[in-house]
Amino acid sequence: MIRILHCADLHLEASFAGQNLPPALARQRRADLRQALARIIGLAREHRVDALTIAGDLYEAELATIETGTFLAQQFATLDPIPVLIAPGEHDRLDADSLYNVVEWPGNVHIFQPGPLVPTGVVPGVALWGAAWPTELPTGQPGGLISAREGTHLLLLHAAVAAQDGQASIRADGLALQQCGFTAALLGHEHRGRVWQEGRVQCVYPGSAEPLTWAEAGGEHLAALVSVDGGGCQVEKIPIGRWRYLELRVDLSGCVSTEEAAAVIAGELRRLPDPVDECTVGRVVLTGVRRFEPDLPLLRARISTHAYLQYEVEPTESNDSALVAREPSVRGLVVRRFQEKLAAPQSATERRTTQAALDLALRALEGRKVGPDADR
Ligand SMILES: [Mn+2]
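Residues numbered from 1 in each chain as written. Predicted model: local features only at pLDDT ≥ 70, side-chain atom pairs only at ≥ 80, totals over all residues.

1. Topic: the environment of Thr53
Here Thr53 is to be found in strand β2 (residues 51-54). Note on Thr53: 29 C-beta atoms within 10 Å, which makes it buried. Taking the C-alpha atoms as reference points, Thr53 and Asp32, separated by 21 residues in sequence, lie 20 Å from one another. (Helix = DSSP H or I, 4+ residues; strand = E, 2+ residues; numbered from the N terminus. Buried ≥ 20, exposed ≤ 12 C-beta atoms within 10 Å, placed from the backbone.)

This is how it looks when you write it as structure tokens:
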């Protein structure tokens, strides 16, 4: 049996631009991408794998420096003699001045070149086929590529997989994974990890090592421990990412002050199943019809958390009840009745319930759907 640890899409030196992160946090996140690689290297050693495979987007070429390359070379050298096989991707494209050509790599590193898929026997007993992105994939009947050969064949590639005629295919005109004769396709490109079976082919997208954007919030971020045994293949998913993106919608209907809102939000944060820690980037969306204008600096000061939270106020329709109460209409009458009720002595909970009832009544009078599952 041979074992391979497979990863992809580390995106070292990613800028995290466009996410409104403070520069210090973006720096921390870049440092943690390196930590993720270090964890992967540690896992490869711990599991005594026969090879570490990386399916592209190891770093971001526009932002990486020679120092990035030196860091990578040092990390990979610590695995020697375990081979490290890299199929470069789109963001770490292999061209003349890419780090792959400029840095002096240790002897255990094998970098696939652009062009057609080629096999390497670097892993004993297994032919691992790969190429750098963009790959010249075989035309015609892809099964012909390896059908005449004995043994176990694995594919290592940075590529998008699309469904075509009910089969997963690597590009518009071919390389249907099922027909290739590969035991496993160790892929990179999709940042939300997934492991699935395509006919007899075990397919793996490990995902980015850490979620890099909000769009990757819900996905898996893995290293895949791939065991190949007599033509069969098993994949163990090992979570790698430590960071997460969290979106929390908090209904502030009935709150009368920023202080009260802060208490409600803090309560919601405490009730979340996973800890909201220093590796959480959160977006708190304040919803509901409010009686006050939230003071965001005060809100930030009142909520004690290690997470980086951004607050967004969801716009609501104007709901100035003092104004509405003067209307000579059913709406005005409803608001006046509720205001009498709200003026009477009552607990904070009762007041919130009354306020929520008023908000619902106003929504209903506007002809909007109300109820437990109404779109709020
Ligand atoms: Mn990528």
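2. What about helix α1 (residues 23-46)?
If you check α1, its first and last C-alpha atoms are 34 Å apart, about what 24 residues at 1.5 Å a residue would give, namely 34 Å. Taken residue by residue, α1 has Arg29, Leu33, Ala36, Leu37, Ile40 and Ala44 as its buried positions. Here the buried face of α1 lies against β1 (2-7), β2, α2 (66-77) and β16 (222-229). Among the residues trailing α1, Arg48 stands out with phi positive, at a value near 45°. (Expected span 1.5 Å × (residues − 1). Contact = placed C-beta atoms within 7 Å.)

3. A look at the nonpolar core
Counting 71 residues, the largest nonpolar core has Leu156, Ala184, Ala185, Leu186, Leu187 and Val204 as the members making the most contacts within it. If near-sequence neighbours (up to four positions away) are discounted, Leu156 is found in contact with Thr53, Ala55, Leu85, Ala87, Leu128, Trp129, Gly130 and Leu186. Within the second largest apolar cluster, 8 residues are counted, among which are Leu252, Ala262, Val284 and Leu286. (Core = buried A, V, L, I, M, F, W, Y, C linked by C-beta atoms within 7 Å.)

4. Observations concerning the sheet that holds strand β14 (residues 194-198)
Strand order in the open sheet formed by 6 strands is β6-β7-β9-β13-β15-β14, and the pairing between neighbours is mixed. Looking at strand neighbours, the two that pair on one side only are β6 (118-120) and β14, the edges of this open sheet. In this sheet, neighbouring strand axes are inclined to one another by 20° on average, regardless of whether the strands run parallel or antiparallel. Relative to strand β7 (residues 126-130), β6 is paired through 3 bridges, and the arrangement is antiparallel. Paired with Val118 across the two strands is Gly130, which belongs to β7. (Pairing = 2+ DSSP bridges. Axes fitted to C-alpha atoms, helices over the stretch in contact; angles between N-to-C directions.)

5. A short note on unusual backbone geometry
If a residue is not glycine, its phi is most likely negative; likewise, a peptide bond is most likely trans. A cis amide bond, omega 15°, links Asp80 with the succeeding residue Pro81. Cis geometry marks the peptide bond from Trp133 to Pro134; its omega dihedral reads -10°.

6. Details of the domain arrangement of the chain
As far as domains go, the chain holds domain 1 (2-239) and domain 2 (244-365). Between the C-alpha centres of domain 1 and domain 2 there is a distance of 46 Å. The interface is formed by 6 residues belonging to domain 1 together with 4 residues belonging to domain 2. In terms of residue class, the side of domain 1 that touches domain 2 is made up of 5 nonpolar, 1 polar and no charged. (Domains from an automatic or database assignment. Nonpolar A, V, L, I, M, F, W, Y, C, P; charged D, E, K, R; others polar.)

7. So, the sheet that holds β2
The 6 strands lie next to each other as β4-β3-β2-β1-β16-β17, forming an open sheet whose pairing is mixed. Each of the sheet's edge strands pairs with one partner strand only, and the pair in question is β4 (109-111) and β17 (232-239). On average, each strand axis in the sheet is tilted by 20° relative to the strand beside it, whichever way the strands run. The sheet contacts of α1 involve β1, β2, β16 and β17, and relative to β1 the element is tilted by about 175°.

8. As for the environment of Gly89
Of note, Gly89 is situated in the loop between β3 (84-86) and α3 (99-102). We classify Gly89 as buried; it has 26 C-beta atoms within 10 Å. When the C-alpha positions of Gly89 and Trp133 are compared, they lie 4.9 Å apart, and in sequence the two are 44 residues distant. Discounting residues that sit within four places of it in the chain, Gly89 has contacts with Ala55, Gly56, Asp57, Trp133, His158, Gly188 and His189.

9. Things to note about the packing of helix α7 (residues 330-343) against helix α8 (residues 348-365)
In contact at an axis separation of 10 Å, α7 and α8 are set at 180° when each is read in the N-to-C sense. Accordingly, the angle class assigned to the pair α7 and α8 is roughly antiparallel. In contact with Val330, Arg331, Val334, Val335, Phe338, Lys341 and Leu342 of α7, α8 contributes Arg351, Thr354, Gln355, Leu358, Ala361, Leu362 and Leu365. Counted by class, the contact of α7 with α8 contains 9 nonpolar, 2 polar and 3 charged residues. (Parallel < 35°, antiparallel > 145°, perpendicular 65-115°, else oblique.)

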